[in-house]
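Chain by chain, the residues run as shown.
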Protein chains: 4
Amino acid sequence: MLARDSGNAGCEACDRVSVPVLRQRLFATRRLSSELAAPLSPEDQTVQAMDDASPTKWHLAHTTWFFETFVLKPHLPGYRLFDERFPYCFNSYYEAAGPRHPRPYRGLLTRPSAAEVADYRSHVDEGLDRLLSGLGEEIDLAGLIELGINHEQQHQELLLTDILSLFAANPLRPAYRAASGPDCQPRPTTATTGRDWLSFAGGIHSVGHTGAGFTYDNEGPSHEQLLRPFRLQSTLVTNADWLAFMTDRGYETVEHWLADGWATVRREGWQAPLYWEKREGAWLQMTLDGLLPVEPAAPVSHISYYEADAFARWAGKRLPTEFEWEAAAAEATEENTLATGALRPRAAQPGPSRTPRQMLGDVWEWTQSAYAPYPGFRASAGAIGEYNGKFMVSQYVLRGASCVTPAGHTRRTYRNFFYPHQRWQFTGLRLADDH
Amino acid sequence: MLARDSGNAGCEACDRVSVPVLRQRLFATRRLSSELAAPLSPEDQTVQAMDDASPTKWHLAHTTWFFETFVLKPHLPGYRLFDERFPYCFNSYYEAAGPRHPRPYRGLLTRPSAAEVADYRSHVDEGLDRLLSGLGEEIDLAGLIELGINHEQQHQELLLTDILSLFAANPLRPAYRAASGPDCQPRPTTATTGRDWLSFAGGIHSVGHTGAGFTYDNEGPSHEQLLRPFRLQSTLVTNADWLAFMTDRGYETVEHWLADGWATVRREGWQAPLYWEKREGAWLQMTLDGLLPVEPAAPVSHISYYEADAFARWAGKRLPTEFEWEAAAAEATEENTLATGALRPRAAQPGPSRTPRQMLGDVWEWTQSAYAPYPGFRASAGAIGEYNGKFMVSQYVLRGASCVTPAGHTRRTYRNFFYPHQRWQFTGLRLADDH
Amino acid sequence: MLARDSGNAGCEACDRVSVPVLRQRLFATRRLSSELAAPLSPEDQTVQAMDDASPTKWHLAHTTWFFETFVLKPHLPGYRLFDERFPYCFNSYYEAAGPRHPRPYRGLLTRPSAAEVADYRSHVDEGLDRLLSGLGEEIDLAGLIELGINHEQQHQELLLTDILSLFAANPLRPAYRAASGPDCQPRPTTATTGRDWLSFAGGIHSVGHTGAGFTYDNEGPSHEQLLRPFRLQSTLVTNADWLAFMTDRGYETVEHWLADGWATVRREGWQAPLYWEKREGAWLQMTLDGLLPVEPAAPVSHISYYEADAFARWAGKRLPTEFEWEAAAAEATEENTLATGALRPRAAQPGPSRTPRQMLGDVWEWTQSAYAPYPGFRASAGAIGEYNGKFMVSQYVLRGASCVTPAGHTRRTYRNFFYPHQRWQFTGLRLADDH
Amino acid sequence: MLARDSGNAGCEACDRVSVPVLRQRLFATRRLSSELAAPLSPEDQTVQAMDDASPTKWHLAHTTWFFETFVLKPHLPGYRLFDERFPYCFNSYYEAAGPRHPRPYRGLLTRPSAAEVADYRSHVDEGLDRLLSGLGEEIDLAGLIELGINHEQQHQELLLTDILSLFAANPLRPAYRAASGPDCQPRPTTATTGRDWLSFAGGIHSVGHTGAGFTYDNEGPSHEQLLRPFRLQSTLVTNADWLAFMTDRGYETVEHWLADGWATVRREGWQAPLYWEKREGAWLQMTLDGLLPVEPAAPVSHISYYEADAFARWAGKRLPTEFEWEAAAAEATEENTLATGALRPRAAQPGPSRTPRQMLGDVWEWTQSAYAPYPGFRASAGAIGEYNGKFMVSQYVLRGASCVTPAGHTRRTYRNFFYPHQRWQFTGLRLADDH
C-alpha cells in the first residue's frame, strides 16, 4: 500500500481530536519529512533508481500537493495554488484529480528545484496553519487532515526505502546516514535466540477496525472470520535461517517454489535477498548505513512473496493468513519502528515469550492472503476513493510494520500490500503452522 | 486450471470402481479426443496461435505421454517407450519428469506427424489394455488411471478453446464444424429472460469435496467457511447486458476498473470481449461454427477477470466468492456442456427459478476468490504433486463448467483458475450482492 | 534481398526472348517450386520457425499471388480471382497492393490448406497459359513475366532456408531429404586445399548491369567506380578456418568485434555459427540432410555480417567491397547451386587457380558495402517499385549465390542484402586485402 | 560520433604546436566545460533523460577521467588517482580500460556530488599543469593532450544536446539560459531566402584529411574518390520547407519512406521533428531558451536519417554523399557554432551565393553515406583505437557542424555518425541532385 496513497473513509472518531492536538501532529509530521530529507543532497533528492521508486523531492512535493488539492483548495477560501503546473507534476495516480506526469519519469524533474519544493512546502504549511486557526467543529475537515497526515507518514517510509534502492544502485554504496552512532554497527552476533511456537485457538474472530481513531477504508468493514486452531512463531525468520535455506540450495531447488516464483528466480538470477552481495566470501548487505556484514540474528528483509513462500515450504511450514496474524497480534505494541532510529531490522531480544514479538516493527510480514475487499467494502466517492480499492487484485497482504514506519503509523488491523515479486520494501516473514 | 494438467490425490473411493467400468470410461475418453480432432486437417492440428494455447496434435500426444509416463512406465512390466525422444517433446511442465520442449515452441513440432501421433496413441492404448487386463485390486493404479482420464478431459476442453483461438487469428475465419445443423444457427433473439435474485442464508458451510468419486487435490481438504447472507442471480450475464455496458462507455470509464485492469485495457486496446468484431455496424463473434452475429440472450463469454469485475462494479454489484458459488450450487446439475453439442453458450430457458441455472455448463464463472490452498492442503509427493499446488498465486478461481467441458467432468467443488488478464477460455460471470 | 520480392525495371532486352522460350522457363520454374515442396508434409508446409522465415505453403501461394496480381489481373481480360480473400493473405509487403496479413502470423494460416494452395497454383497456371497463348509482341508483359519467374526463384531459395530453420528448431532434427544418396554424406575431410591470394589492378571499373537479359533495378544504373589495387582469396573461408577462430577464443575476444556485433554476441550467447551444436565433444551442423558432422574443408555458412567482419579482423584482413567482388568475378561461372543437388556448401576442388572459385554458388559472400542506391537510381513507379529501393538502409550487400540458389538465377552484378545480425541464409565470406 | 569519444591516431603535426599554445588551448577548453555547466543546478547536472544521453556531471567527470587515464596515469610520475572508484564510474566504453558503470545507469550517480566532481577536475587540472611544465619534445604526449582537448569539445556539444533532451522531458519546459538577450528571441520571419542550386564538376577528388593539425583516425587515410557531376543547394532545408512536407501529409504517405523508416514512424507516432509540439494550433519548438515558436526561415533540426531521406524523396531530390559534401565544402568556414552564442540554428543571411553557406554550423547534415572505414584504415592499438573504428556499422555519416559545436572543433573532413533513427542531436539536411 505504501507505494500508493492510501485512502480513508471511516474515521468516525476523528472529530474527537481537538484542534490543538491535530495541529501539533500535523506540523510534527510535516517537519519530520523535511528532517528525513536533510542528509540528502539536491542530487540525491532528484533521482529514482527504478520505476517502483520515487525521488525524495517528489515525495516532499507530492505529500504537499495532497494537502493543497484535497484540503486547501476546496476548504480554504481565497487559497491560491503555489504553482499551477505543480498538480500535473505531483499527482500520483488520482484519475479523478486530472492528468499527471508518468511515474517512470518522476526522476527527470530536475526542476522545480529542491529549494522551490521547500518553498512549496512552506506555502502549503502556511495555508494549513491559517485553515486550522479558523477551524471549529468541521468534522470532515479533521478527517481529511488526518488522512493527509497518514498519507505523508506512508511517504516517509517510502522516502527511506526509495533512497536505499538509489544508494544500492550506486557503485560507491553511499550511506544515508554517517555510520557513527551505536545503532550503526551490527550488534554482536548472538546465537539465534530461542524461538517458540505459540498456539492460538480457532473459532469465530472479529477482524477489521472498530472503535475510534483513524483508519484506512480497506481495514473495514469489521466482520467475522472463522479460524482454525493455528500456531505462530514468536519471532521473525532471521538472516541465519535464510543462510541455512541458501546453503541447502533453496534458490536452486524447484520443488520449493511456486511456478511463477521459479520463473522469476530463473529470469532474474536471484540467489539471495535483494541488497545482499558477496565480497571475498562474505555476505554483505546494503543498508541505510551503507554496506555492512549480514547480521545473522537480525530478521531477514527485502524478500519477495515468492521467496517467503518457498522458504516456508522448505521449512515444512506455511505463511499465516492475514486473519491469523491479526488475531495473534491482539496485544502487539510498537517495537523497532522509525522512532528507534535503528533504520534496519534488529535481532529479537532473547528470552521466552508468551506473545509474539517483533509484530509492529522491524519488517512487514508477508501473509498468504491475497489482497481483497472485506465483505461489504465500498470505496469512498471521488478521488479519495482511489486510495485503496483499485489495487485489490494480484497483490498480497503484508501485516505489521517496519523499522522505517513512522511511530504512531501502526495498527494491528493495518493492511499493507505489494505484488508477489516486489522486494525493495523492508519485507520478511514469520512462520505459521496448523495446530 | 485447464491450461495445466490438474492433479489428484484424494481419490479415496476410486477403488470402488470396477475394472470393466474403468476400462469403458478410459477408452471412451481416449476415443473422444480423436473424434474431436477429426474435423481438423494435419495443418490445423500443428499450429498454436499464442503462447497460452497448444496445438491439437500436442494435446493428443501429451495426454498419451501422461499415461505412458505415470501409468505404463512404472506399472506395466516390459513396457517399451514408443519413442525415446517423445518425453522431451510432450512433457508439459512436470519438472520432476525431466527437461521439456518450451511451451511457446510447441507449434514448431511439424514432426512427429499427425499419423505418428496416432500411432503413438494406439501404442499406449494397447499398453493400457494389457495393463487393465491384468488388473486386480490395485487401488493406486485405478486412481492413477482415473487421473489420466480426467487429465485428458481437461485437454479436450483446451483442444477446442485453442482451436478457436487459431481460427480466430485466421483471416478466413474458418469454422471448426460445418455450420449446418440446428445448433449452428444462433437462436432467435428473445428478450432477456426474467432474471431473479436468489437469496442464500449465511452461517457456517462445509466446502470442498467429500465422499466418493474422483477429485483433484485442490478441492480439499474439506473444511468450514463462514458465509454472510448473500444473493446471486439465477442466470448468467448476457451479451445484451454486455452491450449495455459497452454503450454506457464501460471500456472508457476509468472508475469501473481495477488499476491493473485499466492499464491492460489501455495497453491492449480492449473495446469488447475477445473474438468480437464489428462489421458494417454489427457486432459479430468468432465461434467454433465460424463468424456469427452476437446473440443477445446468450451468456457473455471470453472476458477477463478485469472485465468481469468492472462490469459488476458498473452494475453496482459484485462477483461472488467461490464459497458462495459452491453453496448456491448445492443442487446444480450439468446443463450445456460438450455433451449437448452446442459448442457455444446458449440463452437460458425462460421462466422463473428457485435455484440458479446455467451453473454447470455454458461458461466458467469468475469469482472474486484468489486461487489459494485450502487450510491443511499438502501437495502430493512427486511429479503428480505439481498438478495444482504450484499455481496457487496471482490467479483467480472460476467455478462451474463451460459448453466445451466434457460430460462427467463437472463438480460443484471443482476449482478452475486463470490469470486475471486471460480471455481465451469460455469465461463469463454471474452477479452477486450482499443481502 | 531474398527475404523480400526483388524488383525489376531495366529489362530492356526481355522482348527478344521468344514466347515459347519464355513459356518453357515459366512453367519449369513453377514446377520446380512444387517439387521442392514435395518432401514436406502438410504440417511442415504450414509453420514458420521465426518472424524472418515464411511457411512453405505461404511461399507457394505468394509467388502465385504475384503472378495473379501483377500479370493476370491487369492483363488477362476476364480473369477472375481464385479467391477474393487470398490477396490479403498472401501479399508480402507491397503497400501499393493493399493491406496484408502480418508477417509474424503467416504461420497461423492453417487454412487455406496445402491442397487449396495447389488448386490456386493450377488456377493461376492456367491463366498464365491462356495469356501466353495470346501473346504477341507485348514487351512489357514479357518483362513482367520474367520478373515473376525471378521472384519465384528467389522464393525457392527462401523455401529451403526457411525449412532448414524450422527443422533445426525441432528436437527431432528431421532431414528435409532422406540422407541416402552420395551427396548426403560429408565428403572425406581433405586438408584445407591450397588457397591463393589473387591480385587485381586498380583503376576505373564499370560496375552494374549492362546489355541484354533480365536484371533487378538495384543492379543499375551501370556506372564507374574507382578501385585501388586489391587482393582476394581464391576460395571461401572454411569450417576449419572458423574452428581455428573459435579455438583462438574469437567469440570471447572483444577486440575483434564491432560494438554492435559484440553486444549481439553477448546478448544472444553466440559461440559458433547458427545451426552448429556440440554433442559429446564434437561439432555437428544441422543441414537439409539432418544433423551431420561439421565438414572442415567446406565453406563456413550461416554467419552474420558481425561474425564475418570479426573473423576478417582476427585474420588481419578485411571483407571485400561489392565493387571489388564484382570486378574479380569477371569470369565467374555457376558452381555449386541448387542444380548440383548438394543442398549444402562443398569443399573447393584442390589445385591452384588463376581466377577465384566458388564465386557463384556455395554461400552468399558478405561484403563491407552498405546496401545503397547506385548513382542515378530511381525506383520504378507503382507496387513493383517497392521491390528493392525501400530496403536501402542499414543492410549490407552480399554477392555471389548459394548452394540453394536456382540455376540461372545468378549474375555477377546481383546484389543480395541482409541486416548485419541475420544468419539463417547460406552466408559466408571470402577474405580480401589491400595490395 | 558525438555519442562516443571520438578517436585519433594520425596527428602527425601535433608536435609542431608549442607547449604554451597547447597549454592555453587545454585550459581554455577545460574552463569552457565548467562554464557550460554553470547555469545548471546540481539536480540538472545529475539526470539523463534517456539512455542515449548522459548527465552533465558525467560529462564533466568522464572528460576528466580521459585525461587521468590516458595522459596522467601513464605519463606523470607519481600521479595518484583522485579516487580509485572513479574509473569504474566514468569510463564510457573503453573495453581495454576495464569494467565500467552501465550507460543507462549513469543518471543514478547522485554521488559523487557536483562539488566532488569539481574537485576531481581541479585535481586533474593540477596534474596536467605539472605535466605540461615539464614537457619538452614529447611528441606523443602532445598528440594525446590534443586528443583529450578534442574529446572534451565533443562532450561540450553533447552536454548541451543532452540537457535539451532533459529539459524537453520536463513539463515545466525550463530554459537552459534565461531568455533575455537579443539572441533569445526568434528573428523576424523572413520569407525563405533565395536558395540556389550550385553545380559541381565530377572527376577524381581527393578526400580525407591531409596536412598538419589534429584529426580523428576515421578521417583518413586520405584517398581518391570518383565523383559524378552533382548539384547542391546553397542553404539548408528550413522549417518552412518542413511544414510544407507536413502539410502535404509527408508523415502519412508511405511512398516517401524507407521500409525501416516507415515502421519507425508508425511505431513511434512521429508527426513532426523531435521537440516540436502543437499548442493552440501553433507549432512550438523546445530550445535551450525554452519553448519558442517555430521559426520558418531557420534550418529544420532534430530529424532522423529516415525523415531526411523521406523529405528528399518527397522533394524529388536526394541526400548528398559524404564525398560530394566534402568536395563542395572546399572553401567552407565556420558560421553559426557555439561561439556565436545563438544556441540554435539561424536563418541564412539573404542574398545569392557562389558557394554553399551554413556548411560549418547550424546543424549537422545527414548524408546518404553509411559510416564505413576509408580504404586502408587501421584502428590504433590499445584503448584509443576503440574511439571510432568499432562503430563502423549501421550508422550514417553527418557532415558539417552544429550551433553547439565548440569553435575550432570543425573541419571539412570531419565525419560525425549516428544511427538512422536518432534525433536528439542538432541534425538537419541539405538537398542534392544529379547534374
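What you see is a predicted model; the values in this text were computed from it and never measured. (Residues numbered from 1 in each chain as written. Chains lettered and ligands numbered in written order. Predicted model: local features only at pLDDT ≥ 70, side-chain atom pairs only at ≥ 80, totals over all residues. Heavy atoms only, no water.)

Asks: Mind showing me how you'd approach the overall build of chain A here?
Replies: Secondary structure assignment for chain A yields 9 helices and 12 strands. Summarising its shape, the C-alpha atoms of chain A cover approximately 65 × 55 × 40 Å along the three principal directions. Among the 435 residues that make up chain A, the fraction classed as buried is 62%. In chain A, of all internal contacts separated by at least 6 residues, the share reaching a separation of at least 24 is 81%. (Helix = DSSP H or I, 4+ residues; strand = E, 2+ residues; numbered from the N terminus. Buried < 20%, exposed > 50% of the residue type's maximum accessible area, 1.4 Å probe, protein only. Contact = heavy atoms within 4.5 Å.)

Asks: Teacher, can you tell me more about the arrangement of the chains here?
Replies: Between chain A and chain C there is no contact; the minimum C-alpha to C-alpha separation amounts to 14 Å. Looking at chain B next to chain D, you find no contact at all, with the nearest C-alpha pair sitting 14 Å apart.

Asks: Where do I start with the packing of aromatic side chains in this structure?
Replies: We describe a pair of aromatic rings using the distance from one ring centre to the other and the angle between the two ring planes. The tally for this structure, following the rule as stated, stands at 123 aromatic pairs over all chains. Ring plane angle 45° and centroid distance 6.0 Å describe the contact between B:Phe323 and B:Tyr374, whose orientation is recorded as tilted. Here B:Phe323, found in helix 9 (residues 322-328), pairs with B:Tyr374, found in the loop between strand 8 (364-370) and strand 9 (396-400); they are 51 residues apart in sequence, far enough to count as distant. Its relative accessible area of 3% is what places B:Tyr374 among the buried residues. For the ring pair C:Trp65 and C:Phe70, a centre distance of 5.7 Å and an interplane angle of 75° mean the geometry is edge-to-face. Through a chain of ring-to-ring contacts, three or more aromatic side chains come together here, namely A:Trp65, A:Phe66, A:Phe70, A:Tyr93, A:Tyr94, A:Tyr371, A:Phe391 and A:Phe417. The ring of A:Trp197 is capped by A:Arg231, whose NZ or CZ atom sits 4.7 Å from the centre of that ring. The ring centre of C:Trp58 lies 3.6 Å from the NZ or CZ of C:Arg106, which sits over that ring. (Phe/Tyr/Trp six-rings, centres within 6.5 Å; stacked < 30°, edge-to-face > 60°. Lys NZ or Arg CZ within 6 Å of the ring centre and 35° of its normal.)

Asks: Please clarify how the interface of chain D and chain A should be interpreted in this entry.
Replies: Many authors give the size of an interface as the accessible area that is lost as the parts come together. Facing the 29 residues of chain D at the interface are 29 residues of chain A. With both chains or domains summed, chain D and chain A bury close to 2300 Å², and 63% of this area falls on carbon and sulfur atoms. When residues of chain D are sorted by the area they lose upon contact with chain A, D:Glu43, D:Arg111 and D:Leu172 head the list and together hold 32% of the total. At the surface where chain D touches chain A, the tally comes to 8 residue pairs in polar contact (both at pLDDT 80 or more). When residues of the side of chain D that touches chain A are traced back to their parent elements, those giving at least two are helix 3 (86-90) and helix 5 (139-168) of chain D. Taken together, the residues that form the side of chain D that touches chain A break down as 17 nonpolar, 7 polar and 5 charged. (Buried area = accessible area lost by both parts, 1.4 Å probe. Polar contact = N/O pair within 3.5 Å; in protein donor to acceptor, adjacent residues only side chain to side chain. Nonpolar A, V, L, I, M, F, W, Y, C, P; charged D, E, K, R; others polar.)

Asks: Where do I start with the sheet that holds strand 8 (residues 364-370) of chain D in this structure?
Replies: Two orientations exist for strands paired in a sheet by backbone hydrogen bonds: parallel and antiparallel. Residues and elements named next belong to chain D. The sheet built from 4 strands is open, its strands ordered 10-9-8-11 with mixed pairing. On the outer flanks of this sheet lie strand 10 (416-418) and strand 11 (427-428), each paired with one strand and no other. The pairing of strand 8 with strand 11 spans 2 bridges and is parallel. Its bridge partner lying in strand 11, Trp364 is registered against Thr427. (Pairing = 2+ DSSP bridges.)

Asks: How do you make sense of the pattern of salt bridges when you look at a structure like this?
Replies: Working definition: two side chains of opposite charge can pair if their charged atoms are close together. What the rule picks out here adds up to 108 salt bridges over all chains. Across the pair C:Lys57 and B:Glu43 runs a salt bridge whose closest N-O atoms are separated by 3.7 Å. A residue pair is termed interchain when its members come from two chains, as with C:Lys57 in helix 2 (residues 56-75) and B:Glu43 in the loop between helix 1 (19-37) and helix 2 (56-75). Across the pair, exposure class does not vary: C:Lys57 and B:Glu43 are buried alike. In this structure, the salt-bridge partner of D:Arg121 is D:Glu152, at a minimum N-O distance of 2.7 Å. Of this pair, D:Arg121 sits in helix 4 (residues 114-133) while D:Glu152 sits in helix 5, and the two are 31 residues apart along the sequence. Each member of the pair D:Arg121 and D:Glu152 is classed as buried. (Salt bridge = Lys/Arg side-chain N within 4 Å of Asp/Glu carboxyl O.)

Asks: What am I meant to see in the relation of the copies chain D and chain A here?
Replies: Mapping chain D onto chain A is achieved by rotating through 180° and translating by 0.0 Å along the same axis, at an RMSD of 0.1 Å. Such a combination of rotation and displacement between the chain copies is what one expects of a two-fold axis. For chain D, the minimum C-alpha distance to the rotation axis belongs to D:Glu43 and amounts to 2.3 Å. When the interface residues of chain D are mapped onto chain A, 100% of them again lie at the interface, so the same face is used by both copies. (Least-squares fit on C-alpha atoms with pLDDT ≥ 70 in both.)

Asks: Help me understand the interface of chain B and chain A, please; the structure alone is not making it clear to me.
Replies: Contact residues are listed per partner, giving 31 residues for chain B and 31 residues for chain A. Among the residues of chain B in contact with chain A, B:Leu226, B:Arg228 and B:Val393 are the three that bury the most area, contributing 20% of the side total. One can count 0 salt bridges joining chain B with chain A. Taken together, the links from chain B to chain A amount to 6 residue pairs in polar contact (both at pLDDT 80 or more). Breaking the side of chain B that touches chain A down by element, the ones donating at least two residues are strand 3 (223-227), helix 7 (259-268), helix 8 (305-314) and strand 12 (432-434) of chain B.

Asks: Is there a simple way to think about the confidence of the model for chain A in this case?
Replies: Any region with low pLDDT has predicted coordinates that should not be read closely. Residues and elements named next belong to chain A. Averaged over all residues, the pLDDT of chain A equals 91, while 92% of them reach at least 70. This stretch, residues 1-15, has a pLDDT under 50; its non-local contacts, to residues over four places away or in other chains, come to 72 contacts. Confidence metrics for the complex model read pTM 0.93 and ipTM 0.93. (pLDDT = per-residue confidence, 0-100.)

Asks: Would you take a moment to explain the relation of the copies chain B and chain A for this structure?
Replies: Take chain B, turn it by 180°, move it 0.0 Å along the axis, and it overlays chain A with an RMSD of 0.0 Å. Most of the interface of chain B is mirrored in chain A, where 100% of its interface residues are also at the interface.

Asks: Where do I start with the environment of A:Ile303 in this structure?
Replies: Residues and elements named next belong to chain A. Tracing the sequence through the fold places Ile303 in the loop between strand 7 (290-293) and helix 8 (305-314). The sequence separation of Ile303 and Ala272 amounts to 31 residues, and the corresponding C-alpha distance is 8.5 Å. Residue contacts for Ile303: discarding those within four places in its chain leaves Trp242, Pro273, Ala308, Trp366, Gln422, Arg423, Thr427, Gly428 and Leu429.

Asks: Even after reading the chapter, I still don't get the pairing of strand 3 (residues 223-227) of chain A, so can you show me in this structure?
Replies: One face of the sheet, then the other: side chains in a regular strand alternate in exactly this way. All names here are of chain A. Taking every second residue as pointing to the same face, the buried face of strand 3 carries His223, Gln225 and Leu227, while none of Glu224 and Leu226 on the other face is buried. Two strands pair when backbone bridges link them, and strand 2 (residues 203-207) and strand 3 are joined in this way by 5 bridges, in the antiparallel orientation. In the strand pairing of strand 3, Ile204 is matched with Leu226.

Asks: Would you mind going over the sheet that holds strand 10 (residues 416-418) of chain A with me for this structure?
Replies: A sheet is described by the order of its strands in space; here 4 strands give the open sequence 10-9-8-11 (chain A), paired in mixed fashion. The open sheet has two free edges, formed respectively by strand 10 and strand 11 (427-428) of chain A, since each of these has just one partner strand.

Asks: Explain the packing of helix 1 of chain B against helix 4 (residues 114-133) of chain B here, please?
Replies: Two quantities define a packed helix pair, namely the angle between the axes and the distance from one axis to the other. Residues and elements named next belong to chain B. Put simply, helix 1 and helix 4 touch, their axes get as near as 11 Å, and they point 175° apart. By the angle class used here, helix 1 and helix 4 are roughly antiparallel. Here helix 1 contributes Val19, Leu22, Arg23, Leu26, Phe27, Arg30, Ser33 and Ser34 to the contact with helix 4, which in turn contributes Arg121, Val124, Asp125, Leu128, Asp129, Leu132 and Ser133. (Axes fitted to C-alpha atoms, helices over the stretch in contact; angles between N-to-C directions. Parallel < 35°, antiparallel > 145°, perpendicular 65-115°, else oblique.)

Asks: It is not clear to me how helix 8 of chain B should be interpreted in this structure. Could you clarify?
Replies: One turn of the α-helix equals 3.6 residues, which is why residues spaced by three or four share an orientation. Residues and elements named next belong to chain B. Counting buried residues along helix 8, 8 of its 10 residues qualify, which places the element largely inside the surrounding structure. The complete set of buried residues in helix 8 reads Tyr305, Tyr306, Glu307, Ala308, Asp309, Ala310, Phe311 and Ala312. Turning to helix 8, the residues buried within the fold contact helix 6 (239-247), helix 7, strand 8 and strand 9. Backbone geometry just downstream of helix 8 places Gly316 in the positive-phi region, at approximately 75°.

Asks: Even after reading the chapter, I still don't get helix 2 of chain C, so can you show me in this structure?
Replies: Across its 20 residues, helix 2 of chain C extends 28 Å between first and last C-alpha, which sits within 8% of the 28 Å expected from 1.5 Å per residue. Of all 20 residues in helix 2 of chain C, 17 are buried; the element is thus mostly enclosed. (Expected span 1.5 Å × (residues − 1).)

Asks: Just to check I follow, could you spell out unusual backbone geometry for this structure?
Replies: It is generally the case that most residues other than glycine have a negative phi and that most peptide bonds are trans. The linkage connecting B:Gly220 with the following residue, B:Pro221, adopts the cis geometry, with an omega of 0°. Its identity as a non-glycine residue notwithstanding, D:Tyr275 has a phi of 80°, on the positive side. Position of D:Tyr275 relative to the elements: it lies in the loop between helix 7 (259-268) and strand 5 (276-279). D:Tyr275 sits in the buried class, given a relative accessible area of 10%.

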